[in-house]
Amino acid sequence: MTLASARELMRSAAAAGTGLGAFNVIHLETAEALVSASERANLPVILQISQNCADYHGGLEPIGWATLAVARRAATPVAVHLDHAERPGLVDEAIQLGFRSVMFDGGKLPYEQNVEITADVAARARAAGVYIEAELGEVGGKDGAHAPGVRTDPYEARAFVEATGVDSLAVAVGSSHAMLDRSASLDIDLTARLKAALRGIGRTGADIPLVLHGSSGVADEVIVQAVRAGMTKINVSTHLNGFFTRAVRDTLAADEKLVDSRKYLSPAREAVAEEAARMLRLFALESA
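Every chain's residues receive numbers from 1 upward, in the order its sequence appears when written. Since the coordinates come from a predicted model, pLDDT governs what is reported: local features require at least 70, and pairs of side-chain atoms require 80 or more to be given and counted, while whole-chain, interface and lining totals use all residues. Note that the side-chain values use all heavy atoms of the structure and ignore hydrogens as well as water.

> I'd love a proper account of the environment of Tyr 56, names of residues and values included.
Secondary structure elements follow DSSP: runs of H or I of four or more residues count as helices, runs of E of two or more count as strands, with numbering from the N terminus. Looking at where Tyr 56 falls in the secondary structure, it is placed in helix 3 (residues 51-56). For the pair Tyr 56 and Ile 26, spaced 30 residues apart in the sequence, the C-alpha separation amounts to 8.9 Å.

Now the structure itself:
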């Protein structure tokens, strides 16, 4: 297939009232696992590359090209998205590489500065026909940059979208990045109020989809409640990383003479594919 449009995937999921899985790529093995998950579940997926991931690989281009190539070979709709870019220049680079969906994260900036920079970045994305996500409120846990406990105000969210022209909005409703357990408590009532506040204010009169960051720390049943209250894009990274790492540990522990990395990365890739496929079905409310 050709690369899927994140805009169309988001629009379709929002209209259906279902969730869309957006999973972070760490390296080639996770990109391959996530495409396999999409094909197993027969559901679309968004592959995300964060600023941290790009920096780890020495720049966006190597991991970006690899992920785009894997996505284009998928038998199901797969989109590629730049996640949590705090440098506007990285957004520009992603657009040049062929990303059709990007996120500028000004969530830790003062409100007025967040509006100013996000609006500028969004204008460039729109000119290139690229879908753009932004963040308002502070989702805890990301490299210590975000203070937990801050919630997105529905009135401020509406004003922010109107001022910036973004296509979707990551909001703070109680989740936190990098959680190793799934104990986060989401404000479901706030989610519903945010959904109502962003109804019909898109550039074509469409609703603005909500994005839940830090979903690794949220239990299945709570994610389902959030989707039913209006959350569309569900971001997951740490939870799937745990499946990968545990599988590597188990494989190496079973054979101390094993040195071929393919033989311990393959079971890890399989473990991520299975869990990601399960989560895609859950978010789509197929197994809720």
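Once you've had a look at it, read on.
> Before we move on, can you summarise the environment of Leu 136 with the specific residues and values?
Considering the arrangement of structural elements, one finds Leu 136 in strand 5 (residues 131-136). Whether a residue is buried, partly exposed or exposed follows from its accessible area with a 1.4 Å probe, protein chains only, as a fraction of its type maximum: under 20%, in between, or over 50%, in that order. The exposure class assigned to Leu 136 is buried, which follows from its relative accessible area of 5%. Once the C-alpha coordinates of Leu 136 and Leu 285 are considered, the two residues, 149 residues apart in sequence, prove to be 26 Å apart. It only takes one pair of heavy atoms within 4.5 Å for two residues to be counted as in contact. With residues near it in sequence (within four places) discarded, Leu 136 still touches Tyr 111, Asn 114, Thr 152, Glu 156, Ala 157, Phe 160, Leu 169, Ala 170, Val 171 and Ala 172.

> I'd love a proper account of the packing of aromatic side chains, names of residues and values included.
Two numbers describe a pair of aromatic rings. These are the distance of the centres and the angle of the planes. To pair, rings of Phe, Tyr and Trp, with the six-membered ring standing in for Trp, must have centres within 6.5 Å; the planes then decide the type, stacked if under 30 degrees apart, edge-to-face if over 60, and tilted in the middle. Per the stated rule, a full pass over the model turns up two aromatic pairs. Note on Phe 23 and Phe 283: the rings are 6.2 Å apart at their centroids and 55° apart in plane angle, and the pair reads as tilted. You can see Phe 23 sitting in strand 1 (residues 20-24) and its partner Phe 283 sitting in helix 11 (residues 261-283), a full 260 residues away along the chain. Judged by its relative accessible area of 0%, Phe 23 falls in the buried class. With a relative accessible area of 1%, Phe 283 lands in the buried category.

> Quick one: what's the story with the pairing of strand 3 (residues 78-85), residue by residue and with numbers?
Along strand 3, eight of the eight residues are buried, which leaves the element largely enclosed by surrounding structure. Direction of pairing for strand 2 (residues 45-50) relative to strand 3: parallel, over a ladder of six bridges. Within strand 3, the position partnered with Val 45 by the bridge is Val 78. Here three bridges tie strand 3 to strand 4 (residues 101-104), and the two strands are oriented parallel to one another. Counted as the bridge partner of Leu 82 is Val 102 from strand 4. For a crossover, the right-handed case is the one in which the path from the first strand over the helix to the second runs clockwise, viewed with the strands pointing away from the viewer. Taken together, strand 3, helix 5 (residues 88-97) and strand 4 form a β-α-β motif whose crossover is right-handed. By this definition, two strands are paired if DSSP reports at least two bridges between them.

> Can you tell me about the confidence of the model for the protein chain, naming the residues and giving the values?
This prediction gives the protein chain a mean pLDDT of 90; 91% of its residues lie at or above 70. Each residue carries a pLDDT score, the predictor's confidence in it, ranging from 0 to 100. Here residues 141-148 is modelled with pLDDT under 50, and outside its nearest four sequence neighbours on either side it reaches 20 contacts, counting other chains as well. Throughout residues 177-181 the model reports pLDDT below 50, and contacts reaching past four residues in sequence, or to other chains, amount to 16 contacts.

> An account of unusual backbone geometry is needed here, citing residue identities and associated values.
With a phi angle near 55°, Asn 42 is a residue other than glycine that sits in the positive phi range. A positive phi angle, near 65°, is found at Leu 285, a position not held by glycine.

> If you had to explain the nonpolar core to someone new, which residues and values would you point to?
Buried Ala, Val, Leu, Ile, Met, Phe, Trp, Tyr and Cys residues that are joined via side-chain atoms within 4.5 Å together make up what is termed a nonpolar core. Counting residues in hydrophobic clusters, the biggest one holds 81 residues, and the most contacted among them are Phe 23, Leu 60, Leu 82, Phe 99, Val 102 and Leu 169. Ranked by the residues each element gives to this core, the list is headed by helix 11, at ten residues. Setting aside its immediate chain neighbours within four residues, Leu 169 contacts Ala 134, Glu 135, Leu 136, Ala 157, Phe 160, Val 161, Leu 198, Ile 208, Pro 209, Leu 210 and Val 211. Counting residues in each nonpolar core, the second largest holds 13 residues, with Ala 13, Ala 22, Ala 79 and Ala 170 among its members.

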